[in-house]
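# Structure at a glance
The primary structure of each chain is shown beneath.
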Amino acid sequence: MTTPRLSPAMRNMLRNAIDGKRIGQGLAGGPLKIAATRRALEARGLLDSELKPTEAGCAVFTPKLPADHKEASTC
């Protein structure tokens, strides 16, 4: 499965969620843009209803490695 293309705001918000920060931290555009970005990530299945990154959300920042490579996830 390929990862859908994400806007810079979506990537930043998802990274914030993965890093345990407030999801809107450092995003410009105010509360309406933050809410729209959050909904877009939820609709793509990258954030759950509790604003935690899903497995698919974590995979956005995980490099594609060969199947025989074993490495612990940071997500």
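Attention here is on the structure that accompanies the text. Note that the coordinates shown come from a computational prediction; the quantities given were computed from them, not determined experimentally.

### Observations regarding the overall build of the chain
Looking only at helices and strands, the chain features three helices and zero strands. Scored against the burial criterion, the 75 residues of the chain give a buried share of 27%. Within the chain, contacts between residues separated by at least 24 positions form 49% of all contacts whose residues are at least 6 apart in sequence. Split by element, the accessible area of the chain, about 5400 Å² in all, is 53% carbon and sulfur.

### A closer look at the environment of Leu27
With respect to the helices and strands, Leu27 occurs in the loop between helix H1 (8–19) and helix H2 (30–43). Sequence separation between Leu27 and Asn12 is 15 residues, and the spatial gap between their C-alpha atoms is 7.5 Å. Aside from chain neighbours lying at most four places away, what touches Leu27 is Ala9, Asn12, Met13, Asn16 and Ile34.

### Brief notes about unusual backbone geometry
Not every positive phi belongs to a glycine, and Leu51 is a case in point at roughly 65°. When you line up the elements, Leu51 lands in the loop between H2 and helix H3 (55–59). For Leu51, a relative accessible area of 29% translates into the label partly exposed.

### Considering the packing of H1 against H2
In contact at an axis separation of 10 Å, H1 and H2 are set at 80° when each is read in the N-to-C sense. Judged by the angle between their axes, H1 and H2 are roughly perpendicular. Residues Ala9, Met10, Met13 and Leu14 of H1 lie in contact with H2, whose contacting residues are Lys33, Ile34, Thr37, Arg38, Ala40 and Leu41.

### Overview of the side chain of Asn16
Its location among the elements puts Asn16 in helix H1. For Asn16, the side chain forms a polar contact with the main-chain oxygen of Arg22, separated by 3.5 Å.

### Thoughts on H2
The terminal C-alpha atoms of H2 lie 20 Å apart, and with 14 residues this matches the ideal 20 Å at 1.5 Å per residue to within 8%. Taken residue by residue, H2 has Ala35, Thr37, Ala40 and Leu41 as its buried positions. Against H1 lie the buried residues of H2.

Calculation notes
Residues numbered from 1 in each chain as written. Predicted model: local features only at pLDDT ≥ 70, side-chain atom pairs only at ≥ 80, totals over all residues. Heavy atoms only, no water. Helix = DSSP H or I, 4+ residues; strand = E, 2+ residues; numbered from the N terminus. Buried < 20%, exposed > 50% of the residue type's maximum accessible area, 1.4 Å probe, protein only. Contact = heavy atoms within 4.5 Å. Areas by Shrake-Rupley, 256 points an atom, 1.4 Å probe, with all protein chains shown as cover. Axes fitted to C-alpha atoms, helices over the stretch in contact; angles between N-to-C directions. Parallel < 35°, antiparallel > 145°, perpendicular 65-115°, else oblique. Polar contact = N/O pair within 3.5 Å; in protein donor to acceptor, adjacent residues only side chain to side chain. Expected span 1.5 Å × (residues − 1).

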